[in-house]
Amino acid sequence: MHGDSLLLENVTLRRGGRVVLDSVSLDLSERRIGLIGNNGSGKSSLIRLLNGLLTADEGRVVVHGLDAKEKAAELPRKVGFIFQNPDHQIIFPTVAEEVAFSLEQAGMPRREAAKEAIPALARFGRDHWAERPVHALSEGEKQFLCIIAVLVMQPAVLVLDEPFSSLDLPTRRRLEALIAGLPQQVILIAHELDAFAGYDRVIWLHEGKVAMDGAPEAVITAYRAFVEAGG
Ligand SMILES: Nc1ncnc2c1ncn2[C@@H]1O[C@H](COP(=O)(O)OP(=O)(O)OP(=O)(O)O)[C@@H](O)[C@H]1O
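It should be emphasised that the depicted structure is a prediction, and the values quoted were computed from it without experimental measurement.

1. Some details on the overall build of the protein
Phase 1 of the analysis: Helix and strand counts for the protein come out as 7 helices and 10 strands.
Phase 2 of the analysis: Scaling as 2.2 N^0.38, a compact globule of 231 residues should have a C-alpha radius of gyration of about 17 Å, and the protein matches this with 18 Å.
Phase 3 of the analysis: With the C-alpha coordinates of the protein rotated into their principal frame, the extents come out at 50 × 40 × 35 Å.
Phase 4 of the analysis: Here the protein, with 231 residues, has 37% of them falling under the buried criterion.
Phase 5 of the analysis: The long-range share in the protein, meaning contacts at least 24 apart out of those at least 6 apart in sequence, stands at 66%.

2. Focus: the sheet that holds strand β9 (residues 201–206)
Phase 1 of the analysis: The mixed open sheet is built from 6 strands, whose spatial order is β6-β7-β8-β3-β9-β10. Each end of this open sheet is capped by a strand with a single partner; those strands are β6 (79–82) and β10 (209–214). Sheet twist, expressed as the average angle between the axes of neighbouring strands with direction ignored, equals 20°.
Phase 2 of the analysis: Sheet topology note: the β6/strand β7 (residues 157–161) ladder contains 4 bridges and is parallel. Within β7, the residue paired with V79 across the bridge is V157.

3. Description of helix α3 (residues 95–105)
Phase 1 of the analysis: Within α3, the full set of buried residues consists of V95, E98, V99, A100, S102 and L103.
Phase 2 of the analysis: Of the surrounding secondary structure, the elements contacted by the buried residues of α3 are α4 (110–122) and α5 (139–151).

4. Topic: the site of the ligand
Phase 1 of the analysis: Near the ligand the following residues occur: R15, G16, R18, V20, G37, N39, G40, S41, G42, K43, S44 and S45.
Phase 2 of the analysis: The set of elements that each furnish at least two residues to the shell around the ligand consists of β2 (18–28) and α1 (43–48).
Phase 3 of the analysis: Top element by residues in the shell around the ligand is α1. It accounts for 3 residues.
Phase 4 of the analysis: For the shell around the ligand, the class distribution of residues is 1 nonpolar, 8 polar and 3 charged.

5. Quick look at the UniProt feature "domain: ABC transporter" (unreviewed entry) in the protein
Phase 1 of the analysis: Annotation from UniProt places "domain: ABC transporter" (unreviewed entry) at residues 6–229.
Phase 2 of the analysis: The span residues 6–229 is 32% helix and 27% strand, and its two end C-alpha atoms sit 33 Å from each other.

6. Quick notes on the packing of α3 against α5
Phase 1 of the analysis: For the pair α3 and α5, the least separation of the axes is 8 Å and the interaxial angle reads 30°. Compared by their axis directions, α3 and α5 come out roughly parallel. Here α3 and α5 pass one another in a crossing that is right-handed. Residues V95, E98, V99 and S102 of α3 pack against L145, I148 and A149 of α5.
Phase 2 of the analysis: Partitioning the contact of α3 with α5 into residue classes produces 5 nonpolar, 1 polar and 1 charged.

7. Describing the sheet that holds strand β1 (residues 6–15)
Phase 1 of the analysis: Strand order in this open sheet of 4 strands is β2-β1-β4-β5, and the pairing throughout is antiparallel. Each edge of the open sheet carries a strand with a single partner, namely β2 and β5 (66–67).
Phase 2 of the analysis: The sheet contact formed by strand β4 (residues 58–63) and β5 spans 2 bridges and is antiparallel. Directly across from V62, in β5, lies its bridge partner D67.

8. Notes on the environment of G59
Phase 1 of the analysis: By the secondary structure assignment, G59 is in strand β4.
Phase 2 of the analysis: Between the C-alpha atom of G59 and that of L137, which follows or precedes it by 78 residues, the distance is 42 Å.

Calculation criteria
- Just so you know, the residues in each chain are numbered from 1, in the order the chain's sequence is written.
- Selection of residues for local features in this predicted model requires a pLDDT of at least 70, selection of side-chain atom pairs for listing and counting requires 80 or more, and totals for whole chains, interfaces and linings are taken over all residues.
- Going along the chain from the N terminus, every DSSP run of H or I of four or more residues is numbered as a helix, and every run of E of two or more is numbered as a strand.
- For this measure, only C-alpha atoms enter the radius of gyration; the expected value for a globule follows 2.2 Å times N^0.38, where N is the number of residues.
- Burial is judged by counting the other C-beta atoms within 10 Å of a residue's own C-beta: 20 or more makes it buried, 12 or fewer makes it exposed, and any count in between marks it as partly exposed, with every C-beta position built from the backbone.
- Here the contact rule is simple: place C-beta atoms from the backbone, and any two residues whose C-beta atoms are within 7 Å are in contact.
- Strand pairing is assigned whenever DSSP detects at least two bridges linking the two strands.
- Here an axis means a line fitted to C-alpha atoms, over the contact stretch when the element is a helix, while the angle between two N-to-C directions is reported on a 0 to 180 degree scale.
- Here, nearness means that the C-beta atom of a residue, built from backbone geometry, sits within 6 Å of the molecule or strand in question.
- Throughout, the ten residues Ala, Val, Leu, Ile, Met, Phe, Trp, Tyr, Cys and Pro are labelled nonpolar, Asp, Glu, Lys and Arg are labelled charged, and all others, Gly among them, are labelled polar.
- UniProt positions are given in the numbering used here, feature names are shortened, and annotations may be inferred rather than shown by experiment.
- Here roughly perpendicular refers to angles of 65 to 115 degrees, roughly parallel to angles under 35, roughly antiparallel to angles over 145, and oblique to all remaining angles.
- Helix crossings are classified by the rotation of the near helix relative to the far one: an anticlockwise turn of less than a right angle makes the crossing left-handed, while a clockwise turn makes it right-handed.

Dropping the structure here:
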């Protein structure tokens, strides 16, 4: 039952004394899910429940059959995260070292991981990046490296929290195309509302509650109308 879905059951989350998610229930099983809403509506908080970065104060979060509270340590292998700023994610000086570290995180012994980094990069057509210093990559390239570093861990779900904010339009389009071709379930938070074309479902969060949930076009149209009306 619900083996491959992400479940939130009456989840309430408080941060800094405020309720940021208010009894939210969701069953997330579609392949492409978008999450929209104003700043501070609770989007980042919600997805952080899915890999154990935050824990629900009330209710239950279940990730592919694992209770998020009891099995928090196992969640990062199931749910890979990409954040807005690649500089917060990348820790090593070279591309190959960064990828090797990911492989190690996924359980590969260190020496093997160091060797395996190059073929892993080659699978994404980027083995020529191996020795490049990370600081010499462009913002788009850094974001691409973050995605490679997460995907080599073979998570079942990829969660991206505003990955496009610092990218120009061509780079964004390339990343969108990459994401579109992934076998993983994808959950995307973005303020660029055209990024959800072809998505199965969009959820609009407002003040810690689900304001609307359904087909992208309907939800985005309603959200735009709300914003234009001053919401
Ligand atoms: N570290 C924290 N400590 C206390 N409160 C926090 C913390 N991080 C976020 N919050 C609060 O939680 C609420 C929801 O924030 P969250 O980051 O989940 O919203 P968001 O929808 O992702 O916003 P944005 O679009 O700005 O990224 C906000 O009121 C915010 O002030």
